[in-house]
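# Structural overview for review
This is what each chain is made of:
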Amino acid sequence: MSGYGRAVRADPCVMELVSKLAREPWTDRPTSVHPTLSAVARAVHDHSGSAGRRALLPLASSFLGTAQPGFEPSARVVALCVSTALAGGEMTKDERTRLAKAHQTAIHLMTGREEPGGAARWWLPMLDRFGWSEPFYRTFVATEHASEAVAVTARCSNGDRDVRLRQLLKQCLAVLNAAPPAQRVMGP
């Protein structure tokens, strides 16, 4: 046990380390990290082996200050994760359908082209009336789409699962860190 009453794990989640670097309470959902990126990091951690989890820790400082408002950052991460999963190999028909609709929605949110896929066709316009569609997408929908895509990528990876997942996480970081500084929002 640590001095704070928490059990010390052999493989702490990179998000927990980020929370300490950001001087936030110990959590795997630090507010200084974009929620969709945080979901990807947790999924990568959960699907990696022990050595793969340790290899994620040096990335911790790269996550700081990635929390950005707007549809586009979430949609970029979802599009990247989903396209990686779709290119990765075998999956069930239901997975392929869900991921294709998630990709279609992400493309719609980034470009305004195409119709949103799946249930987004009805909840986006409805929640837009109240100004709730972006936080709903960023916090709930995008995190689920990205997490499922990571799980599919992990399952479809051959002997290089940890390497592929770490590379996907680095690409997601690059996508969010490429935003102009004026659009980036720092956490507490």
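Each value, and the rule that gives it
- Residues numbered from 1 in each chain as written.
- Predicted model: local features only at pLDDT ≥ 70, side-chain atom pairs only at ≥ 80, totals over all residues.
- Heavy atoms only, no water.
- Helix = DSSP H or I, 4+ residues; strand = E, 2+ residues; numbered from the N terminus.
- Buried < 20%, exposed > 50% of the residue type's maximum accessible area, 1.4 Å probe, protein only.
- Contact = heavy atoms within 4.5 Å.
- Areas by Shrake-Rupley, 256 points an atom, 1.4 Å probe, with all protein chains shown as cover.
- Axes fitted to C-alpha atoms, helices over the stretch in contact; angles between N-to-C directions.
- Parallel < 35°, antiparallel > 145°, perpendicular 65-115°, else oblique.
- Nonpolar A, V, L, I, M, F, W, Y, C, P; charged D, E, K, R; others polar.
- Phe/Tyr/Trp six-rings, centres within 6.5 Å; stacked < 30°, edge-to-face > 60°.
- pLDDT = per-residue confidence, 0-100.
- Salt bridge = Lys/Arg side-chain N within 4 Å of Asp/Glu carboxyl O.

Turning to the overall build of the protein chain, a few remarks are in order. Per the secondary structure count, the protein chain includes eight helices and zero strands. Ordered by position from the N terminus, the helices and strands of the protein chain form the series α-α-α-α-α-α-α-α. Counting the 188 residues in the protein chain, one finds 45% classified as buried. Taking all contacts inside the protein chain whose residues are at least 6 apart in sequence as the whole, residues at least 24 apart take part in 69%. Put simply, the protein chain shows about 9600 Å² of open surface, and 56% of that area lies on carbon and sulfur atoms.

At a minimum axis separation of 10 Å, helix α2 (residues 35–47) and helix α8 (residues 161–177) run at an interaxial angle of 170°. Judged on the interaxial angle alone, α8 and α2 are roughly antiparallel. Contact with α2, carried on its side by Leu37, Val40, Ala41, Val44 and His47, involves Arg161, Asp162, Leu165, Arg166, Leu169, Cys172, Leu173 and Leu176 of α8 and no other residues of that element. Of the residues belonging to the contact of α2 with α8, the class tally is nine nonpolar, one polar and three charged.

Here we come to the packing of aromatic side chains. For the structure on display, the rule yields five aromatic pairs. Ring centres of phenylalanine 130 and tryptophan 132 lie 5.0 Å apart, and the angle between their planes is 25°; this geometry places the pair in the stacked category. Across the pair, exposure class does not vary: phenylalanine 130 and tryptophan 132 are exposed alike. Relative to phenylalanine 140, the ring of phenylalanine 136 lies with its centre 5.7 Å away and its plane at 45°, an arrangement referred to as tilted. Residue phenylalanine 136 and its partner phenylalanine 140 are located together in helix α7 (residues 133–156), separated by four residues, close to a single helical turn. Using a relative accessible area of 29% as the deciding quantity, one classes phenylalanine 136 as partly exposed. By way of ring pairs, the aromatic residues Phe71, Trp123, Phe136, Tyr137 and Phe140 are connected into one cluster.

Before going further, it helps to spend a moment on unusual backbone geometry. Where the residue is not glycine, phi is negative for most of them; where a peptide bond is considered, it is trans in most cases. One non-glycine residue, arginine 23, adopts positive backbone phi at about 60°. We classify arginine 23 as exposed; its relative accessible area is 80%.

Moving on, we come to the confidence of the model for the protein chain. Should the pLDDT be low somewhere, the predicted coordinates at that spot are not to be read in detail. Considering every residue of the protein chain, the mean pLDDT works out to 88; 89% of them sit at 70 or more. For the protein chain, per-element mean pLDDT is lowest for helix α6 (residues 120–128), which scores 90, and highest for α2, which scores 97. Ignoring residues within four places in sequence, the model shows residues 1–5, a span with pLDDT below 50, making four contacts including any to other chains. Overall, residues 181–188 carries pLDDT values under 50, and its contacts beyond four positions in sequence, including any with other chains, amount to 18 contacts.

For the coordinates displayed, the defined rule picks out six salt bridges. As a salt-bridge pair, arginine 76 and glutamate 72 come within 3.8 Å of each other at their nearest N and O atoms. Placement of both arginine 76 and glutamate 72 in helix α4 (residues 71–88) is noted, with a separation of four residues, approximately one turn of the helix. On the basis of relative accessibility, which here comes to 18%, the residue arginine 76 falls in the buried class. The salt bridge partner of arginine 138 is glutamate 134, with a shortest N-O separation of 2.7 Å. Pair noted here: arginine 138 and glutamate 134 are both in helix α7, with a separation of four residues, about one helical turn. Both residues of the pair, arginine 138 and glutamate 134, belong to the buried class.

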